[in-house]
Amino acid sequence: MQERYLGDVHDYYKFLFLKNFSKKFKTKIGLNWYLTDPKDLGPKELQLNDGEKRNYLEKGDIKIYDQNLYMEMKFLKKKENRILSKFIKRTHLKNYLGFHSSILRPDKREAWDKSSFNFYRNYNYLFLDPDNGLENKVAASKKRKIK
(Lines give C-alpha, C1' and ligand atoms only; values in the text may rest on other atoms or scores of the structure.)
Protein backbone atom coordinates (compact mmCIF):
# COMPACT_ATOMS: atom_id res chain seq x y z
CA MET A 1 0.00 0.00 0.00
CA GLN A 2 1.23 3.46 -0.84
CA GLU A 3 -0.26 6.75 0.31
CA ARG A 4 -0.84 7.84 -3.27
CA TYR A 5 -3.48 5.08 -3.61
CA LEU A 6 -5.38 6.07 -0.46
CA GLY A 7 -9.08 6.51 -1.20
CA ASP A 8 -9.23 4.70 -4.52
CA VAL A 9 -12.16 2.46 -5.44
CA HIS A 10 -10.50 -0.54 -3.82
CA ASP A 11 -10.24 1.30 -0.51
CA TYR A 12 -13.86 2.38 -0.69
CA TYR A 13 -15.16 -1.18 -0.99
CA LYS A 14 -12.59 -2.57 1.47
CA PHE A 15 -13.56 0.04 4.09
CA LEU A 16 -17.26 -0.51 3.45
CA PHE A 17 -16.85 -4.26 3.91
CA LEU A 18 -14.69 -3.97 7.03
CA LYS A 19 -16.94 -1.37 8.67
CA ASN A 20 -19.98 -3.58 8.17
CA PHE A 21 -18.08 -6.63 9.38
CA SER A 22 -17.07 -4.71 12.50
CA LYS A 23 -20.64 -3.61 13.17
CA LYS A 24 -22.03 -7.10 12.60
CA PHE A 25 -19.59 -8.76 15.00
CA LYS A 26 -19.44 -5.80 17.41
CA THR A 27 -15.66 -5.68 17.45
CA LYS A 28 -12.86 -3.62 15.96
CA ILE A 29 -11.07 -5.18 13.00
CA GLY A 30 -7.34 -4.87 12.56
CA LEU A 31 -6.34 -3.46 9.18
CA ASN A 32 -2.73 -4.36 8.57
CA TRP A 33 -1.73 -2.65 5.40
CA TYR A 34 1.74 -3.16 4.16
CA LEU A 35 2.64 0.51 3.84
CA THR A 36 5.57 1.05 1.52
CA ASP A 37 7.51 4.09 0.44
CA PRO A 38 7.77 4.14 -3.37
CA LYS A 39 11.37 5.40 -3.02
CA ASP A 40 12.27 2.02 -1.50
CA LEU A 41 11.03 0.32 -4.66
CA GLY A 42 13.23 2.25 -7.07
CA PRO A 43 13.01 5.12 -9.54
CA LYS A 44 10.59 3.35 -11.90
CA GLU A 45 8.01 3.06 -9.14
CA LEU A 46 8.11 6.82 -8.59
CA GLN A 47 7.24 7.41 -12.25
CA LEU A 48 4.09 5.29 -12.20
CA ASN A 49 0.81 7.15 -12.45
CA ASP A 50 -1.45 4.27 -11.55
CA GLY A 51 -3.84 4.15 -8.64
CA GLU A 52 -6.07 6.95 -9.85
CA LYS A 53 -9.18 4.79 -9.88
CA ARG A 54 -11.45 7.45 -8.44
CA ASN A 55 -14.21 7.74 -11.05
CA TYR A 56 -16.50 5.91 -8.64
CA LEU A 57 -16.79 9.20 -6.74
CA GLU A 58 -18.62 10.76 -9.67
CA LYS A 59 -21.41 8.19 -9.51
CA GLY A 60 -24.21 9.54 -7.36
CA ASP A 61 -25.51 6.12 -6.35
CA ILE A 62 -22.32 5.20 -4.48
CA LYS A 63 -23.28 7.66 -1.71
CA ILE A 64 -26.23 5.56 -0.61
CA TYR A 65 -24.05 2.84 0.87
CA ASP A 66 -22.25 5.07 3.37
CA GLN A 67 -22.40 8.87 3.26
CA ASN A 68 -19.57 9.35 5.81
CA LEU A 69 -17.25 7.03 3.94
CA TYR A 70 -18.13 8.64 0.61
CA MET A 71 -17.27 12.11 1.94
CA GLU A 72 -13.96 10.92 3.37
CA MET A 73 -13.00 9.26 0.08
CA LYS A 74 -14.02 12.39 -1.83
CA PHE A 75 -11.65 14.41 0.36
CA LEU A 76 -8.85 12.03 -0.68
CA LYS A 77 -9.43 12.76 -4.35
CA LYS A 78 -6.87 15.57 -4.08
CA LYS A 79 -3.35 14.14 -3.98
CA GLU A 80 -2.21 16.55 -1.29
CA ASN A 81 -4.86 15.14 1.09
CA ARG A 82 -3.52 11.58 0.88
CA ILE A 83 -1.50 11.58 4.07
CA LEU A 84 -2.14 8.35 5.90
CA SER A 85 -1.40 9.60 9.42
CA LYS A 86 -3.88 12.47 9.01
CA PHE A 87 -6.49 10.18 7.51
CA ILE A 88 -6.23 7.77 10.45
CA LYS A 89 -6.63 10.58 13.00
CA ARG A 90 -9.68 12.10 11.33
CA THR A 91 -11.59 9.15 9.84
CA HIS A 92 -14.75 7.83 11.43
CA LEU A 93 -13.43 4.36 10.57
CA LYS A 94 -11.19 4.42 13.66
CA ASN A 95 -14.34 3.41 15.56
CA TYR A 96 -14.40 0.17 13.55
CA LEU A 97 -10.80 -0.45 12.53
CA GLY A 98 -7.38 -0.48 14.12
CA PHE A 99 -4.68 0.70 11.71
CA HIS A 100 -1.08 -0.52 11.81
CA SER A 101 0.61 2.00 9.58
CA SER A 102 4.35 1.90 10.06
CA ILE A 103 6.36 1.78 6.85
CA LEU A 104 7.61 -1.62 5.81
CA ARG A 105 11.26 -1.27 4.80
CA PRO A 106 13.01 -3.97 2.75
CA ASP A 107 15.76 -4.45 5.34
CA LYS A 108 13.48 -4.25 8.40
CA ARG A 109 10.83 -6.87 7.61
CA GLU A 110 11.31 -8.94 10.74
CA ALA A 111 11.04 -5.91 13.04
CA TRP A 112 7.95 -4.73 11.13
CA ASP A 113 6.33 -8.16 11.51
CA LYS A 114 6.96 -8.15 15.27
CA SER A 115 5.60 -4.62 15.60
CA SER A 116 2.48 -5.58 13.67
CA PHE A 117 1.87 -8.76 15.68
CA ASN A 118 2.32 -6.81 18.91
CA PHE A 119 -0.07 -4.06 17.77
CA TYR A 120 -2.82 -6.57 16.92
CA ARG A 121 -2.35 -9.03 19.79
CA ASN A 122 -5.75 -8.19 21.32
CA TYR A 123 -7.75 -8.16 18.10
CA ASN A 124 -10.04 -11.06 17.20
CA TYR A 125 -9.97 -10.34 13.47
CA LEU A 126 -7.17 -9.12 11.26
CA PHE A 127 -7.47 -8.05 7.65
CA LEU A 128 -4.17 -8.27 5.75
CA ASP A 129 -3.82 -5.72 2.99
CA PRO A 130 -0.63 -6.35 1.04
CA ASP A 131 0.10 -4.09 -1.90
CA ASN A 132 0.12 -6.72 -4.64
CA GLY A 133 -0.96 -9.93 -2.98
CA LEU A 134 0.95 -12.46 -0.96
CA GLU A 135 4.42 -13.71 -1.84
CA ASN A 136 4.60 -16.77 -4.02
CA LYS A 137 7.41 -19.29 -4.32
CA VAL A 138 9.12 -17.41 -7.14
CA ALA A 139 12.13 -15.57 -5.80
CA ALA A 140 11.71 -11.80 -5.71
CA SER A 141 14.28 -9.11 -5.17
CA LYS A 142 14.46 -7.60 -1.68
CA LYS A 143 12.92 -4.37 -2.97
CA ARG A 144 10.02 -6.14 -4.67
CA LYS A 145 9.39 -8.48 -1.72
CA ILE A 146 7.84 -5.71 0.35
CA LYS A 147 5.16 -5.26 -2.28
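Our subject is the structure that appears above.
Because the structure is a prediction, the values reported are computed rather than measured. (Residues numbered from 1 in each chain as written. Predicted model: local features only at pLDDT ≥ 70, side-chain atom pairs only at ≥ 80, totals over all residues. Heavy atoms only, no water.)

A. Spatial organisation of the overall build of the protein chain. Across its full length, the protein chain holds six helices and three strands. Each helix and strand of the protein chain, placed in order from N terminus to C terminus, yields the pattern α-β-α-α-α-β-α-β-α. Here the protein chain, with 147 residues, has 42% of them falling under the buried criterion. In the protein chain, once contacts between residues fewer than 6 apart in sequence are set aside, the share between residues at least 24 apart is 73%. Roughly 9,200 Å² of accessible area belongs to the protein chain as shown, and the carbon and sulfur atoms make up 54% of that amount. (Helix = DSSP H or I, 4+ residues; strand = E, 2+ residues; numbered from the N terminus. Buried < 20%, exposed > 50% of the residue type's maximum accessible area, 1.4 Å probe, protein only. Contact = heavy atoms within 4.5 Å. Areas by Shrake-Rupley, 256 points an atom, 1.4 Å probe, with all protein chains shown as cover.)

B. Region of interest: the pattern of salt bridges. In total, this model carries six salt bridges according to the counting rule given. A salt bridge links Asp66 to Lys19, with the nearest nitrogen and oxygen atoms 2.6 Å apart. Of this pair, Asp66 sits in the loop between helix 2 (43–47) and helix 3 (67–75) while Lys19 sits in helix 1 (residues 9–25), and the two are 47 residues apart along the sequence. Residues participating in the shared-partner salt-bridge network are Asp11, Lys14 and Asp129. (Salt bridge = Lys/Arg side-chain N within 4 Å of Asp/Glu carboxyl O.)

C. Representation of the packing of aromatic side chains within the structure. Applying the stated rule across the entire model yields 14 aromatic pairs. Note on Phe15 and Trp33: the rings are 6.2 Å apart at their centroids and 70° apart in plane angle, and the pair reads as edge-to-face. Placement of the pair is Phe15 in helix 1 and Trp33 in strand 1 (residues 29–33), with a sequence separation of 18 residues. Trp33 carries the same exposure label as Phe15, and that label is buried. With a centroid separation of 5.4 Å and 25° between ring planes, the pair formed by Trp33 and Phe99 is classed as stacked. Linking Trp33 in strand 1 with Phe99 in strand 2 (residues 97–100), this pair joins segments that are 66 residues apart in sequence. Both residues of the pair, Trp33 and Phe99, belong to the buried class. (Phe/Tyr/Trp six-rings, centres within 6.5 Å; stacked < 30°, edge-to-face > 60°.)

D. Structural detail: the packing of helix 1 against helix 3. For the pair helix 1 and helix 3, interaxial distance at closest approach is 11 Å and the crossing angle is 150°. As judged from the angle between their axes, helix 1 and helix 3 are roughly antiparallel. Pair helix 1 / helix 3 crosses with right-handed handedness. Along the contact surface, helix 1 presents Tyr12, Phe15 and Leu16, while helix 3 presents Leu69, Tyr70 and Met73. Residue composition of the contact of helix 1 with helix 3, by class: six nonpolar, no polar and no charged. (Axes fitted to C-alpha atoms, helices over the stretch in contact; angles between N-to-C directions. Parallel < 35°, antiparallel > 145°, perpendicular 65-115°, else oblique. Left-handed = near helix turned anticlockwise from the far one by under 90°. Nonpolar A, V, L, I, M, F, W, Y, C, P; charged D, E, K, R; others polar.)

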